[in-house]
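Take a look at the letters that make up each chain.
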Amino acid sequence: MRKEAIKKMQEQAGQSFSYALRAGDYREPWRIFRIMAEFVEGYQFLSALKNEITFLGSARIKEGHEYYQIARSLAGLLAKKNFTVITGGGPGIMEAANRGAHEAGGQSIGLNIQLPFEQIINPYVTRSTSFFYFFNLKVMLTSPACAFVYFPGGYGTMDEFFEVVDLMELGLMNKCPVVLVGRKYWSPLIDFLVNRSCIIGSVPGDHVQAWKVVDSAEEAFEQLKDVEDTGVAGQFDACTFNNEANVDWKIFRIMAELVEGFEFVTGIKNAVTVLGTKGTTSDSPYYQSAYRLGELLAKKNFAVITGGQKGTAEAANRGAFEHGGVSIGIGMQVGDKPRLNAYLTKSINFKFPFTRKLIVTTPTRAFVFYPGGFGTLHQLFEVLTLIQTKKMTMVPVILVNHNFWEPLHSYIKKMMVHE
């Protein structure tokens, strides 16, 4: 199976690849300035808002659907309590939430993404702004919120869900209420996390238990009605964005990380990104498999990219490193100490999670996902979202270990495809 996967990667290696960035020299200045302009404009837009609750869910749910009605009713209840409703500004659940807030006389905000299909601002948004880069949009959707409401959806909803719970687990976002609407939809996913990710130690069970699963607007409102706005911008940690003089110095830190990151990945070719839990030990079958994969990739002249930490990342880096290959770590610094393994020929660390996520996927030709927790699942659904929305060229996405991934794969086919 590994040899077949590597052959497919080689066939893909000559194709162009992007993460909303076209193939070529990532250091082209206009890209940096466009990214930073979106950050500045987005941050300025959000600075006037208070008591924000973000609604996320499918863009394809129609007006007559039960979930549309729940979102509309819940947003209306929250608007009457002076909460600001934020959505992606498009159709489906987004339209329903904006409509409910608008009809109740509340703040109805749309943060839109520019896509080749589907994402047109709905008529119930009272204030809006739009983004070209997905990672900019997601920062703005998540940073100001004092609570999140997730309705059933597809890859994008899952991407946004796992990003938020991952940032909370890492301590890069304040913990706040997470309400999941639709027991039929969310219960199988929770079962997967409890019976797979929790079992291997990649997901803390108390985090899963903290989420509130409901079936009505009234149940959701009970969980949200007393939420208070802390005023802390979560993802901008490295904690608040403004200093006493109201100068946004962290904008320049973000810009520096982007410049350094693009400089770092320029010139990397034939790379494969390997992701998975950092908790696996050297005697684990996952570790041994990732080591062997790193070895095979190195022998076929693929560079191996990982998050640079322990566990699966260390195994893949070690397999490449010990067999003369290019072994790259693109890491995230949490706290004062960098967290990189000893088997890297090239590495870089980031303080901002959104800049790191952009860089870790930019040069790769394929993704291999081993079992993992919130971070692994977030990166999986982010890649699938970018491919689906044509922000990324289609590349192989390989899930290793049938026993671990099959329940999730079946869930995707049943809930997101058939239903």
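A brief report on the enclosed structure follows. (Residues numbered from 1 in each chain as written. Predicted model: local features only at pLDDT ≥ 70, side-chain atom pairs only at ≥ 80, totals over all residues. Heavy atoms only, no water.)

Turning our attention to the packing of helix 3 (residues 66-80) against helix 9 (residues 217-224). To describe two helices that pack against each other, one gives the angle between their axes and the distance between the axes. Between helix 3 and helix 9, whose axes approach to 9 Å, the crossing angle comes to 35°. The handedness of the crossing between helix 3 and helix 9 is right-handed. Across the interface between the two elements, Ile70, Ser73, Leu74, Leu77 and Leu78 from helix 3 touch Ala217, Ala220, Phe221 and Leu224 from helix 9. Considering only residue class, the contact of helix 3 with helix 9 consists of eight nonpolar, one polar and no charged. (Axes fitted to C-alpha atoms, helices over the stretch in contact; angles between N-to-C directions. Helix = DSSP H or I, 4+ residues; strand = E, 2+ residues; numbered from the N terminus. Left-handed = near helix turned anticlockwise from the far one by under 90°. Contact = heavy atoms within 4.5 Å. Nonpolar A, V, L, I, M, F, W, Y, C, P; charged D, E, K, R; others polar.)

The next point concerns the packing of helix 14 (residues 374-388) against helix 15 (residues 402-418). Contact pair helix 14 / helix 15: the axes reach a minimum separation of 14 Å and the direction vectors enclose 40°. Relative to helix 15, helix 14 is oriented oblique. Crossing hand, helix 14 versus helix 15: right-handed. Between helix 14 and helix 15, the contacting residues are Thr376, Leu377, Leu380 and Phe381 on the first element and Trp405, Leu408, Ile412 and Met416 on the second. Grouping the constituent residues of the contact of helix 14 with helix 15 by class yields seven nonpolar, one polar and no charged. (Parallel < 35°, antiparallel > 145°, perpendicular 65-115°, else oblique.)

As a further point, take unusual backbone geometry. In this structure, Asn51 is a non-glycine residue whose phi angle is positive, near 55°. A relative accessible area of 26% places Asn51 in the partly exposed class. Despite not being glycine, Asn82 has its phi angle at roughly 70°, a positive value. Positionally, Asn82 belongs in the loop between helix 3 and strand 2 (84-87). Asn82 sits in the exposed class, given a relative accessible area of 62%. (Buried < 20%, exposed > 50% of the residue type's maximum accessible area, 1.4 Å probe, protein only.)

Using the criterion set out here, one finds zero disulfides in the structure. Summary of cysteine pairing: Cys176 is not part of a disulfide, and the nearest cysteine sulfur, belonging to Cys146, is at 7.4 Å. (Disulfide = S-S within 2.5 Å.)

Everything listed here is a matter of coordinates, which is why it stays silent on function.
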